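What follows is the residue order along each chain.
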Amino acid sequence: MYHPFAWLTSIARVIAFMTCCALLGLYINYLAFTLLFGTVGLLSLHYWRLYRLNYWLWHSKKISPPTSRGIWSHVYQGIYGANLRNRNKRKTLGEIIKRFRQGSEALPDAALIINDCAEITWCNRLARIELGLQWPEDLGQKVYDCIDNEEFTTFYHSNRYERPIEIVSPINSNKVLEFRLVPYEDVQFMVLIRDVTRLTQIEKMRKDFVANVSHELKTPLTVINGYLEMIPENGDMSEPMMKKAISEMRSQSMRMQSLVEELLVLSRIEASTERVFEKIINVPQLLWQIQAESEALNRNRLHKIFFDISPDLYVYGIESELRSAFSNMIFNAIHYTPNKGVIEVRWSLQAGQAVFVVKDNGDGIAAEHIGRLTERFYRVDKARSRTTGGSGLGLSIVKHVLSHHNSHLVIRSTVGKGSAFSCRFSAELTCLMDQKTRNNYSL
Ligand code: ADP
């Protein structure tokens, strides 16, 4: 605590002490000697306290000051108080820095701070991951040396930072990163880096999708237009030619219709808000219906198709979507297996999960195509696929349906031996119906 009269008290004490010395000197007749003795004594006492202060400040590990009296006690307390205040300030500052660090680590974006000499002064963890920075080795390094990319260097020196730039990640060529430079305090910059791979992929997919749909519709439209141009105004055309034109136009318009229908199915599935947990689907009945349809489709192909269906295995789901998915897989096997092939369709329970498998002994699919089969409009052999009326949307529909049902399509295929398309439904979606429940359910 501050005592405003401490100095006055101290001076009064010195005066009292010196007066005592003077009186003693006068009494014993050695005034000069006692005054000198008193002054030396006082000086020694203060030097001793100064020594203790110096020792406490520089060598002692103790935070609390040594005990003392008089004015020195006030000096010690004053320094101790200032130290305590500094400590508290440092603690508060430390807390603020810790919170800032935690906040910046929680940022969904990578962030760097660079000074006016383009040196990195700080970065968060995501920046170290996304840019492969070594910390603290890269502290103080030039930013364009660490982000080794010509486009970024040009952007940094351009002084035009209104728009971000997108560049391929310096450490992973499959990633696209967006770099935004935010100047602050005139000379500092914050670099914000965001992974935009998905966005660029979506943008690319959107462009490809529009291009593909236009291309798919253009071919049948060109054929129809060609025939229409061949037909004279007065309709005077030989009968066989007319028959051929009409049949070709009909098949092309059916092709367009099926393409549009499949596109609609896809968009309906994508936009669907129907919940898969609400309805139990009688899958065996659904598969028996598809079996009847596939027998009609198989009339000219002469495949041997075997259906092995567990009659009491149902799943929670959306009937129209499951019908689309299962029929697409079965009809594909019929389309793409050379005549007189063998196709097996199995609906069974495995380890508490409903499993659907379509297996054929067709030509199989080369490994490089397998990962891309579920892309929209992807066909292994475009020409062959067109003759079967395929649009390249079937497996894309299957993929969406299965993902809607928390499942996914597994494709195994060996060229020359055949393919197997399968999916597995989680135990939560799978339900076994005994005869009684089944009767009640069908009522
Ligand atoms: P499409 O409508 O053209 O049949 P899909 O998306 O259903 O399109 O299938 C994509 C491609 O996968 C097909 O073009 C075909 O080349 C190949 N494919 C699908 N099922 C089979 C199968 N069972 N055997 C061989 N190839 C298949």
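S.K.: Before we move on, could you go through the pairing of strand β12 (residues 418-424) and cite the residues and values that matter?
M.R.: In terms of burial, β12 is a largely internal element, 6 of the 7 residues being buried. Of the pairings in the sheet, the one linking strand β10 (residues 353-360) to β12 comprises 6 bridges and is antiparallel in character. Counterpart to D360 in the pairing with β12 is S419. In this sheet, β12 lies alongside strand β11 (residues 410-414) in antiparallel orientation, the contact comprising 5 bridges. Within β12, the residue paired with R412 across the bridge is A420.

S.K.: Give me the lowdown on the domain arrangement of the chain, citing residues and values where you can.
M.R.: Taken domain by domain, the chain comprises domain 1 (6-99), domain 2 (107-195), domain 3 (200-273) and domain 4 (276-443). Taken over C-alpha atoms, the centre of domain 1 sits 94 Å from the centre of domain 4.

S.K.: Any chance you could break down the layout of surface pockets for me, citing the residues and the numbers?
M.R.: Here the second largest pocket defines a volume of roughly 740 Å³. Lining the second largest pocket are 19 residues, and of these Q201, M205, D208, E375 and R376 lie nearest its centre. Those elements that place two or more of their residues in the lining of the second largest pocket are α7 (197-230) and α13 (394-404). For the lining of the second largest pocket, the element with the most residues is α7, which contributes 9 residues. In terms of residue class, the lining of the second largest pocket is built from 5 nonpolar, 5 polar and 9 charged. Shared between two domains, the lining of the second largest pocket holds at least three residues of each, these being domain 3 (200-273) and domain 4 (276-443).

S.K.: If you had to explain the side chain of H404 to someone new, which residues and values would you point to?
M.R.: For H404, the position within the fold is in helix α13. Here H404 falls in the buried class, since its relative accessible area comes to 19%. Here E274 takes part through its backbone oxygen, which lies 3.3 Å from a polar atom of the side chain of H404. Those residues in contact with H404, other than ones at most four positions away along the chain, are I269, S272, E274, V276, I318 and E321.

S.K.: With reference to specific residues and values, describe the pairing of strand β4 (residues 176-184).
M.R.: Where strand β3 (residues 165-168) and β4 come together, 4 bridges link them in antiparallel fashion. Looking across to β4, one finds that V168 is bridged to V176. Alignment of β4 against strand β5 (residues 188-195), held across 8 bridges, turns out to be antiparallel. Pairing of V182 across the sheet is with M190, part of β5. A loop of 3 residues connects β4 with β5, the two strands running antiparallel in sequence, and E185 in this loop sits at a positive phi of about 50 degrees.

S.K.: So, the nonpolar core: which residues are in play, and what are the values?
M.R.: Ranked by internal contacts, the top residues of the largest apolar core, which has 47 residues, are L287, F326, M329, I330, W347, F356 and F425. No other element matches the 7 residues that helix α10 (residues 319-336) contributes to this core. Residues in contact with M329, not counting those within four places in the same chain, are F356, V358, V398, L409, F421 and C423. Counting residues in each nonpolar core, the second largest holds 24 residues, with A110, L112, F155 and I165 among its members.

S.K.: Can you lay out the pattern of salt bridges for me, pointing to particular residues and giving the numbers?
M.R.: A pair can form between side chains of opposite charge whenever their charged atoms are brought close. Applying the stated criterion across every chain yields a total of 16 salt bridges. With its nearest N and O atoms 3.6 Å apart, the salt bridge here joins E162 to R160. By relative accessible area, which is 56% here, E162 ends up exposed. A salt bridge links E216 to R379; its shortest N-O distance comes to 2.4 Å. Here the residue E216 occupies a position in helix α7, and R379 occupies one in the loop between α11 (367-370) and α12 (382-387), the gap between them amounting to 163 residues. Salt bridges sharing common partners tie together E130, K175 and D195.

S.K.: Tell me what's going on with the environment of T9, and back it up with residues and numbers.
M.R.: Within the element layout of this structure, T9 appears in helix α1 (residues 6-28). Here the alpha-carbon distance between T9 and S258, two residues 249 residues apart in the chain, equals 106 Å.

S.K.: Explain the packing of α7 against helix α8 (residues 239-271) to me, using residue names and the numbers behind them.
M.R.: In contact at an axis separation of 9 Å, α7 and α8 are set at 160 degrees when each is read in the N-to-C sense. It follows that α7 is roughly antiparallel to α8 by the angle criterion. Both α7 and α8 take part in a crossing whose hand is left-handed. Contacts between α7 and α8 involve F209, V213, E216, L217, P220, L221, V223, I224, Y227, L228 and M230 from the first element and M241, K244, A245, E248, M249, Q252, S253, R255, M256, L259 and L263 from the second. Residue composition of the contact of α7 with α8, grouped by class: 16 nonpolar, 2 polar and 4 charged.

Parameters and conventions
Residues numbered from 1 in each chain as written. Predicted model: local features only at pLDDT ≥ 70, side-chain atom pairs only at ≥ 80, totals over all residues. Heavy atoms only, no water. Buried < 20%, exposed > 50% of the residue type's maximum accessible area, 1.4 Å probe, protein only. Helix = DSSP H or I, 4+ residues; strand = E, 2+ residues; numbered from the N terminus. Pairing = 2+ DSSP bridges. Domains from an automatic or database assignment. 1 Å grid on protein atoms, 1.4 Å probe; cavity = no way out; pocket = protein on both sides within 12 Å on 5 of 7 lines; lining within 4 Å. Points joined across faces, edges and corners; volume = space filled by probe spheres on them. Nonpolar A, V, L, I, M, F, W, Y, C, P; charged D, E, K, R; others polar. Polar contact = N/O pair within 3.5 Å; in protein donor to acceptor, adjacent residues only side chain to side chain. Contact = heavy atoms within 4.5 Å. Core = buried A, V, L, I, M, F, W, Y, C linked by side-chain atoms within 4.5 Å. Salt bridge = Lys/Arg side-chain N within 4 Å of Asp/Glu carboxyl O. Axes fitted to C-alpha atoms, helices over the stretch in contact; angles between N-to-C directions. Parallel < 35°, antiparallel > 145°, perpendicular 65-115°, else oblique. Left-handed = near helix turned anticlockwise from the far one by under 90°.

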